[in-house]
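The residues making up each chain are set out below.
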Amino acid sequence: APLPNSVVFGFPPLVTEIFLNSGVAMILMTAMIGQLSAQVNASHMMLDFINNYFAVFTLYVAMVIEFSGLLHASYVIQLLVAWLAGKPIETHEVKRDAGANLFFWARCIMSLGILGYACAVTFAALFEGKTTMWPGIPGGVAVILFIVLASCVGLLEGMQIAFFAVTKLPKEEQGKHKFAMKTCELLFRGEG
């Protein structure tokens with residue numbers, strides 16, 4: 001946040017409060033410069049984008065994180081959503097044997113434990129007012145805002161991945177549902 005009583009580029013105090021004190025400017029900069037441009041470039045020039053040593057290093061780091069099971073809670077969520085939807089998960093992976101299955105579920109349980117601990121710490125901090133939430137916001141409201149905003153970010157990330165994936169599909173495979181078709185129409189209107 002800027003220093004107290006500082007004036008940034010002559011912006012009015014309201015603009016400074018919204019964009020700088022809240023961190024919105026940093027979020028937008030990170031999303032637009034650090035993530036979105038790289039994602040768009042990578043979707044159009046995949047091999048050129050990964051043709052460097054840093055891409056290999058990044059892949060190895062991602063493989064270590066994947067092997068560690070740190071983020072395996074996402075697999076549990078995937079399995080739960082597929083089960084609730086009544087749709088099988090299509091995969092090209094070979095069926096796991098008993099040992100691999102035990103290793104997989106052990107990492108899932110560990111990951112769920114880490115996620116639970118992280119949620120407990122985050123919610124405790126929100127309820128106790130030990131965050132950068134606006135002054136005067138009750139703890140319960142802070143938790144609700146956190147959940148709503150985290151859900152929005154998750155939905156937007158999922159939509160972004162789906163949008164890049166649907167560009168590779170022929171028109172007849174882009175879906176028959178009303179909102180899927182409207183979304184594809186909007187995405188591919190003009191030069192999209």
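Because the structure is a prediction, the values reported are computed rather than measured.

J.: I'm lost on the overall build of the chain in this one. Help?
T.: Scanning the chain from terminus to terminus reveals eight helices and zero strands. Relative to the globule expectation of 16 Å for 192 residues, the C-alpha radius of gyration of the chain, 21 Å, shows a markedly less compact shape. Judged by the C-alpha coordinates and their principal axes, the chain covers about 60 × 45 × 45 Å. Among the 192 residues that make up the chain, the fraction classed as buried is 10%. Considering only contacts within the chain whose residues lie at least 6 apart along the sequence, 46% involve residues at least 24 apart. Put simply, the chain shows about 15,600 Å² of open surface, and 73% of that area lies on carbon and sulfur atoms. Considering the chain, the positive charge centre built from 11 side chains and the negative charge centre built from 12 side chains are found 8 Å apart.

J.: What should I look at first to understand the pattern of salt bridges in this one?
T.: Side chains that differ in sign of charge can pair as their charged atoms come close. Applying the stated criterion across every chain yields a total of one salt bridge. Put simply, Glu128 and Lys130 hold a salt bridge, and the shortest N to O gap is 3.1 Å. An identical accessibility class is assigned to Glu128 and Lys130; each is exposed.

J.: Teacher, can you tell me more about helix α5 (residues 73–85) here?
T.: Because each turn of an α-helix spans 3.6 residues, side chains separated by three or four positions in sequence point in the same direction. If you check α5, its first and last C-alpha atoms are 18 Å apart, about what 13 residues at 1.5 Å a residue would give, namely 18 Å. Once α5 ends, the next one or two residues include Gly86, with phi positive near 75°.

J.: Explain the layout of surface pockets here, please?
T.: Which parts of space are left empty comes out when a probe the size of a water molecule is rolled across the atoms. Put simply, the largest pocket is a space of about 980 Å³. Around the largest pocket, the lining comprises 27 residues; the ones closest to its centre are Ser22, Val24, Ile27, Leu149 and Val153. Where the lining of the largest pocket is concerned, the elements lending two or more residues are α1 (13–21), α2 (24–44) and α7 (139–166). Per-element accounting of the lining of the largest pocket gives the leading share, eleven residues, to α7. Considered class by class, the residues forming the lining of the largest pocket number 19 nonpolar, six polar and two charged. The volume enclosed by the second largest pocket comes to roughly 550 Å³. For the second largest pocket, the lining is made up of 15 residues, of which Gln78, Thr91, Glu93, Arg96 and Phe104 are closest to its centre. Broken down by secondary-structure element, the contributors of at least two residues to the lining of the second largest pocket are α5 and α6 (98–127).

J.: Before we go on, may I ask you to explain the state of the cysteines in this structure?
T.: Two cysteines form a disulfide when their sulfur atoms are joined by a covalent bond. A complete count under the given rule lists zero disulfides for this structure. Free of any disulfide, Cys108 has its nearest neighbouring cysteine sulfur in Cys119, separated by 16 Å. Not engaged in a disulfide, the cysteine Cys152 finds its nearest cysteine sulfur in Cys119; these two sulfurs lie 17 Å apart.

J.: Would you mind going over the packing of aromatic side chains with me for this structure?
T.: The description of an aromatic ring pair rests on the distance of the ring centres and on the angle between the ring planes. All told, the structure shown has six aromatic pairs when counted by the stated rule. Consider the rings of Phe67 and Phe103, whose centres lie 5.5 Å apart with planes at 50°: the pair is tilted. Placement of Phe67 in helix α4 (residues 53–68) and of Phe103 in helix α6 is noted, with a sequence separation of 36 residues between them. Among the aromatic side chains, those forming a connected cluster through ring pairs are Tyr75, Phe104 and Trp105. The residue whose ring lies beneath Arg107 is Phe67, and the NZ or CZ to ring-centre distance is 5.8 Å.

J.: Just to check I follow, could you spell out the confidence of the model for the chain for this structure?
T.: As a general rule, the predicted coordinates of low-pLDDT regions are not to be interpreted in detail. Looking at the chain as a whole, its pLDDT mean stands at 84, while 96% of the residues score no less than 70. In the model of the chain, helix α3 (residues 46–49) stands out as the element of lowest mean pLDDT, 71, in contrast to α6, which has the highest, 95.

Conventions we followed
Residues numbered from 1 in each chain as written. Predicted model: local features only at pLDDT ≥ 70, side-chain atom pairs only at ≥ 80, totals over all residues. Heavy atoms only, no water. Helix = DSSP H or I, 4+ residues; strand = E, 2+ residues; numbered from the N terminus. Rg over C-alpha atoms; globule rule 2.2 N^0.38 Å. Buried < 20%, exposed > 50% of the residue type's maximum accessible area, 1.4 Å probe, protein only. Contact = heavy atoms within 4.5 Å. Areas by Shrake-Rupley, 256 points an atom, 1.4 Å probe, with all protein chains shown as cover. Lys, Arg positive; Asp, Glu negative; His and termini not counted. Charge placed at Lys NZ, Arg CZ, Asp CG, Glu CD. Salt bridge = Lys/Arg side-chain N within 4 Å of Asp/Glu carboxyl O. Expected span 1.5 Å × (residues − 1). 1 Å grid on protein atoms, 1.4 Å probe; cavity = no way out; pocket = protein on both sides within 12 Å on 5 of 7 lines; lining within 4 Å. Points joined across faces, edges and corners; volume = space filled by probe spheres on them. Nonpolar A, V, L, I, M, F, W, Y, C, P; charged D, E, K, R; others polar. Disulfide = S-S within 2.5 Å. Phe/Tyr/Trp six-rings, centres within 6.5 Å; stacked < 30°, edge-to-face > 60°. Lys NZ or Arg CZ within 6 Å of the ring centre and 35° of its normal. pLDDT = per-residue confidence, 0-100.

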